[in-house]
Amino acid sequence: MSESATRVTSSPMAMLGALSGAQLGIAIAAVMAFTVPVHTSKRKDTHAARAIHHSIVAQLDFRELNPAIPATAESNDCGFVSLMVDAISDFGYADSAARVLARAIVSESQTAQLDPLLVAAVVKYESSFRISARSHKGARGLMQVMPATEKALLKTINTAYLSTPEKQLRLGSQYLAELQKRFRGNTYHSLIAYNWGPTNLAIALKRGGRIPSGPVTYAKKILAQQASWKGEMRRQVRLS
(Lines give C-alpha, C1' and ligand atoms only; values in the text may rest on other atoms or scores of the structure.)
Protein backbone atom coordinates (compact mmCIF):
# COMPACT_ATOMS: atom_id res chain seq x y z
CA MET A 1 0.00 0.00 0.00
CA SER A 2 8.49 4.29 -1.81
CA GLU A 3 7.77 5.71 1.63
CA SER A 4 4.27 6.47 2.74
CA ALA A 5 4.39 9.45 5.07
CA THR A 6 1.59 11.81 4.11
CA ARG A 7 2.85 15.26 3.11
CA VAL A 8 1.41 18.13 5.13
CA THR A 9 1.79 21.88 5.24
CA SER A 10 1.34 22.56 8.95
CA SER A 11 3.71 21.95 11.86
CA PRO A 12 3.23 19.01 14.27
CA MET A 13 2.28 21.41 17.05
CA ALA A 14 -0.29 23.12 14.85
CA MET A 15 -1.77 19.75 13.99
CA LEU A 16 -2.05 18.77 17.63
CA GLY A 17 -3.66 22.08 18.45
CA ALA A 18 -6.36 21.40 15.84
CA LEU A 19 -7.30 18.05 17.32
CA SER A 20 -10.06 17.51 19.84
CA GLY A 21 -9.34 15.51 22.97
CA ALA A 22 -10.79 12.34 21.43
CA GLN A 23 -8.93 12.82 18.14
CA LEU A 24 -5.69 13.49 20.00
CA GLY A 25 -6.09 10.24 21.88
CA ILE A 26 -6.67 8.35 18.63
CA ALA A 27 -3.63 9.96 16.98
CA ILE A 28 -1.34 9.17 19.93
CA ALA A 29 -2.62 5.59 20.08
CA ALA A 30 -2.05 5.21 16.34
CA VAL A 31 1.55 6.42 16.53
CA MET A 32 2.31 4.21 19.51
CA ALA A 33 0.73 1.19 17.86
CA PHE A 34 2.55 1.59 14.57
CA THR A 35 5.95 2.07 16.15
CA VAL A 36 5.79 -1.24 18.02
CA PRO A 37 8.36 -3.64 16.47
CA VAL A 38 7.04 -6.58 14.46
CA HIS A 39 7.41 -9.72 16.60
CA THR A 40 7.98 -13.23 15.39
CA SER A 41 4.83 -15.00 16.51
CA LYS A 42 1.68 -15.17 14.39
CA ARG A 43 -0.37 -13.53 17.14
CA LYS A 44 1.97 -10.56 17.51
CA ASP A 45 2.29 -10.26 13.72
CA THR A 46 -1.48 -9.81 13.64
CA HIS A 47 -1.05 -6.94 16.11
CA ALA A 48 1.41 -5.34 13.69
CA ALA A 49 -1.14 -5.66 10.89
CA ARG A 50 -3.69 -3.87 13.08
CA ALA A 51 -1.15 -1.13 13.69
CA ILE A 52 -1.11 -0.48 9.94
CA HIS A 53 -4.85 0.19 10.07
CA HIS A 54 -4.51 2.51 13.07
CA SER A 55 -1.79 4.47 11.27
CA ILE A 56 -4.06 4.86 8.24
CA VAL A 57 -6.86 6.15 10.48
CA ALA A 58 -4.55 8.86 11.83
CA GLN A 59 -3.49 9.89 8.32
CA LEU A 60 -7.02 9.95 6.95
CA ASP A 61 -8.33 11.98 9.89
CA PHE A 62 -5.42 14.39 9.57
CA ARG A 63 -6.13 14.85 5.85
CA GLU A 64 -9.71 15.81 6.70
CA LEU A 65 -8.40 18.49 9.10
CA ASN A 66 -6.03 20.02 6.53
CA PRO A 67 -7.81 21.47 3.48
CA ALA A 68 -4.52 23.08 2.37
CA ILE A 69 -3.50 19.70 0.91
CA PRO A 70 -4.47 19.91 -2.80
CA ALA A 71 -7.54 17.95 -3.87
CA THR A 72 -6.63 17.73 -7.58
CA ALA A 73 -3.53 17.58 -9.74
CA GLU A 74 -2.98 20.08 -12.52
CA SER A 75 -0.17 21.13 -14.86
CA ASN A 76 2.69 18.91 -13.61
CA ASP A 77 0.71 15.77 -14.33
CA CYS A 78 -0.79 16.54 -17.74
CA GLY A 79 0.96 13.56 -19.35
CA PHE A 80 -0.44 11.12 -16.82
CA VAL A 81 -3.93 12.61 -16.94
CA SER A 82 -3.97 12.46 -20.75
CA LEU A 83 -2.86 8.83 -20.75
CA MET A 84 -5.37 7.89 -18.05
CA VAL A 85 -8.26 9.61 -19.79
CA ASP A 86 -7.73 7.29 -22.74
CA ALA A 87 -7.38 4.21 -20.51
CA ILE A 88 -10.39 5.02 -18.32
CA SER A 89 -12.56 5.94 -21.31
CA ASP A 90 -12.10 2.39 -22.61
CA PHE A 91 -14.23 1.27 -19.63
CA GLY A 92 -17.24 3.40 -20.58
CA TYR A 93 -16.43 6.78 -19.03
CA ALA A 94 -17.09 10.03 -20.85
CA ASP A 95 -13.90 12.06 -21.32
CA SER A 96 -14.91 14.65 -18.71
CA ALA A 97 -15.63 12.01 -16.06
CA ALA A 98 -12.45 10.13 -16.96
CA ARG A 99 -10.43 13.31 -16.49
CA VAL A 100 -11.91 13.91 -13.02
CA LEU A 101 -11.07 10.35 -11.97
CA ALA A 102 -7.56 10.57 -13.44
CA ARG A 103 -6.85 13.75 -11.49
CA ALA A 104 -8.16 12.12 -8.30
CA ILE A 105 -5.77 9.21 -8.83
CA VAL A 106 -2.86 11.63 -9.23
CA SER A 107 -3.81 13.64 -6.14
CA GLU A 108 -4.30 10.69 -3.79
CA SER A 109 -1.24 8.84 -5.12
CA GLN A 110 0.98 11.85 -4.58
CA THR A 111 -0.40 12.41 -1.09
CA ALA A 112 0.55 8.82 -0.28
CA GLN A 113 3.91 9.29 -2.08
CA LEU A 114 3.15 6.56 -4.59
CA ASP A 115 3.58 6.45 -8.36
CA PRO A 116 0.18 7.36 -9.88
CA LEU A 117 0.78 4.72 -12.56
CA LEU A 118 1.08 2.06 -9.86
CA VAL A 119 -2.15 3.12 -8.17
CA ALA A 120 -3.92 3.36 -11.53
CA ALA A 121 -2.77 -0.16 -12.37
CA VAL A 122 -4.18 -1.44 -9.07
CA VAL A 123 -7.48 0.34 -9.78
CA LYS A 124 -7.67 -1.10 -13.29
CA TYR A 125 -6.99 -4.64 -12.10
CA GLU A 126 -9.17 -4.44 -8.99
CA SER A 127 -12.29 -2.72 -10.33
CA SER A 128 -11.87 -1.81 -14.02
CA PHE A 129 -12.23 1.81 -12.81
CA ARG A 130 -15.77 1.10 -11.53
CA ILE A 131 -16.60 3.14 -8.44
CA SER A 132 -19.45 0.80 -7.43
CA ALA A 133 -17.48 -2.43 -7.90
CA ARG A 134 -18.08 -5.10 -5.25
CA SER A 135 -16.55 -8.56 -5.04
CA HIS A 136 -18.23 -11.76 -3.85
CA LYS A 137 -16.14 -11.44 -0.66
CA GLY A 138 -17.52 -7.97 0.01
CA ALA A 139 -14.53 -5.87 -1.07
CA ARG A 140 -15.73 -2.66 -2.65
CA GLY A 141 -14.77 0.47 -4.49
CA LEU A 142 -12.07 1.41 -6.97
CA MET A 143 -9.33 -0.33 -4.99
CA GLN A 144 -11.50 -3.13 -3.57
CA VAL A 145 -10.95 -2.54 0.13
CA MET A 146 -11.62 -5.74 2.05
CA PRO A 147 -14.22 -5.87 4.85
CA ALA A 148 -11.57 -6.46 7.56
CA THR A 149 -9.68 -3.30 6.56
CA GLU A 150 -12.90 -1.33 6.27
CA LYS A 151 -14.12 -2.54 9.67
CA ALA A 152 -10.91 -1.45 11.38
CA LEU A 153 -11.22 2.02 9.87
CA LEU A 154 -14.93 2.58 10.30
CA LYS A 155 -14.60 2.51 14.08
CA THR A 156 -13.61 6.17 13.83
CA ILE A 157 -14.77 7.12 10.31
CA ASN A 158 -18.33 7.65 9.07
CA THR A 159 -19.87 4.50 7.55
CA ALA A 160 -20.31 6.37 4.25
CA TYR A 161 -16.56 6.95 4.03
CA LEU A 162 -16.15 4.93 0.83
CA SER A 163 -19.03 6.68 -0.92
CA THR A 164 -16.87 8.89 -3.16
CA PRO A 165 -14.05 7.98 -5.58
CA GLU A 166 -11.65 10.37 -3.87
CA LYS A 167 -12.13 8.69 -0.50
CA GLN A 168 -11.93 5.21 -2.01
CA LEU A 169 -8.62 6.16 -3.61
CA ARG A 170 -7.40 7.81 -0.42
CA LEU A 171 -8.07 4.73 1.67
CA GLY A 172 -6.62 2.26 -0.84
CA SER A 173 -3.51 4.27 -1.67
CA GLN A 174 -2.72 4.99 1.98
CA TYR A 175 -3.07 1.31 2.77
CA LEU A 176 -0.76 0.38 -0.13
CA ALA A 177 1.74 3.00 1.02
CA GLU A 178 1.77 1.55 4.53
CA LEU A 179 2.45 -1.88 3.04
CA GLN A 180 5.34 -0.38 1.08
CA LYS A 181 6.77 0.90 4.35
CA ARG A 182 6.24 -2.39 6.15
CA PHE A 183 7.91 -4.43 3.40
CA ARG A 184 10.85 -2.02 3.10
CA GLY A 185 9.91 -0.44 -0.21
CA ASN A 186 9.55 -3.76 -2.02
CA THR A 187 6.66 -3.03 -4.39
CA TYR A 188 6.35 -6.66 -5.46
CA HIS A 189 5.90 -7.80 -1.87
CA SER A 190 3.59 -4.88 -1.10
CA LEU A 191 1.26 -5.85 -3.95
CA ILE A 192 1.23 -9.47 -2.84
CA ALA A 193 0.36 -8.30 0.68
CA TYR A 194 -2.40 -6.04 -0.69
CA ASN A 195 -3.95 -9.07 -2.40
CA TRP A 196 -3.14 -11.87 0.04
CA GLY A 197 -2.86 -10.01 3.35
CA PRO A 198 0.25 -8.62 5.11
CA THR A 199 0.18 -11.19 7.90
CA ASN A 200 0.06 -14.11 5.45
CA LEU A 201 3.01 -12.72 3.50
CA ALA A 202 5.06 -11.89 6.62
CA ILE A 203 4.65 -15.46 7.90
CA ALA A 204 5.54 -16.94 4.50
CA LEU A 205 8.68 -14.80 4.18
CA LYS A 206 9.77 -15.57 7.72
CA ARG A 207 9.29 -19.31 7.40
CA GLY A 208 10.34 -19.64 3.77
CA GLY A 209 6.83 -20.78 2.90
CA ARG A 210 5.28 -20.90 -0.55
CA ILE A 211 3.36 -17.87 -1.77
CA PRO A 212 0.23 -18.94 -3.71
CA SER A 213 0.26 -18.39 -7.46
CA GLY A 214 -2.77 -16.07 -7.35
CA PRO A 215 -1.13 -13.22 -5.39
CA VAL A 216 2.11 -13.67 -7.36
CA THR A 217 0.24 -13.34 -10.67
CA TYR A 218 -1.66 -10.35 -9.29
CA ALA A 219 1.55 -8.50 -8.42
CA LYS A 220 3.23 -9.32 -11.74
CA LYS A 221 0.25 -8.13 -13.79
CA ILE A 222 0.08 -4.83 -11.96
CA LEU A 223 3.83 -4.22 -12.32
CA ALA A 224 3.61 -5.11 -16.01
CA GLN A 225 0.78 -2.62 -16.53
CA GLN A 226 2.71 0.07 -14.67
CA ALA A 227 5.77 -0.57 -16.86
CA SER A 228 3.65 -0.50 -20.03
CA TRP A 229 2.14 2.87 -19.14
CA LYS A 230 5.58 4.26 -18.26
CA GLY A 231 6.80 3.23 -21.69
CA GLU A 232 3.80 4.90 -23.31
CA MET A 233 4.46 8.13 -21.41
CA ARG A 234 8.10 8.10 -22.52
CA ARG A 235 6.98 7.68 -26.14
CA GLN A 236 4.60 10.62 -25.74
CA VAL A 237 7.43 12.79 -24.46
CA ARG A 238 9.68 11.85 -27.39
CA LEU A 239 6.93 12.68 -29.88
CA SER A 240 5.96 15.99 -28.27
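Residues numbered from 1 in each chain as written. Predicted model: local features only at pLDDT ≥ 70, side-chain atom pairs only at ≥ 80, totals over all residues. Heavy atoms only, no water.

A. Up close: the pattern of salt bridges. Scanning all chains against the criterion turns up three salt bridges. R170 is the salt-bridge partner of E108, the closest N and O atoms lying 3.4 Å from each other. One end of the pair, E108, is in helix 5 (residues 95–111); the other, R170, is in helix 8 (residues 165–182), and 62 residues separate them in sequence. Judged by its relative accessible area of 10%, R170 is buried. E232 is the salt-bridge partner of R235, the closest N and O atoms lying 2.8 Å from each other. Residue R235 and its partner E232 are located together in helix 11 (residues 213–239), separated by three residues, close to a single helical turn. The class for R235 is partly exposed, based on a relative accessible area of 40%. Judged by relative accessible area, which is 28%, E232 ranks as partly exposed. (Salt bridge = Lys/Arg side-chain N within 4 Å of Asp/Glu carboxyl O. Helix = DSSP H or I, 4+ residues; strand = E, 2+ residues; numbered from the N terminus. Buried < 20%, exposed > 50% of the residue type's maximum accessible area, 1.4 Å probe, protein only.)

B. Local environment of the packing of helix 6 (residues 116–127) against helix 11. At a minimum axis separation of 9 Å, helix 6 and helix 11 run at an interaxial angle of 125°. By the criterion of interaxial angle, the relationship of helix 6 to helix 11 is oblique. Helix-helix and strand crossings are classified by hand; for helix 6 and helix 11 the assignment is right-handed. On the side of helix 6, the interface is formed by L117, L118, A120, A121, V122, K124, Y125 and E126, while helix 11 contributes Y218, K221, I222, Q225, Q226, W229, K230 and M233. When grouped by side-chain class, the residues that make up the contact of helix 6 with helix 11 number ten nonpolar, two polar and four charged. (Axes fitted to C-alpha atoms, helices over the stretch in contact; angles between N-to-C directions. Parallel < 35°, antiparallel > 145°, perpendicular 65-115°, else oblique. Left-handed = near helix turned anticlockwise from the far one by under 90°. Contact = heavy atoms within 4.5 Å. Nonpolar A, V, L, I, M, F, W, Y, C, P; charged D, E, K, R; others polar.)

C. Molecular detail of unusual backbone geometry. Backbone geometry at Q113 places phi at a positive 60°, although glycine is not the residue there. Position of Q113 among the secondary structure elements: in the loop between helix 5 and helix 6. One non-glycine residue, S128, adopts positive backbone phi at about 55°. Note that S128 resides in the loop between helix 6 and helix 7 (147–153).

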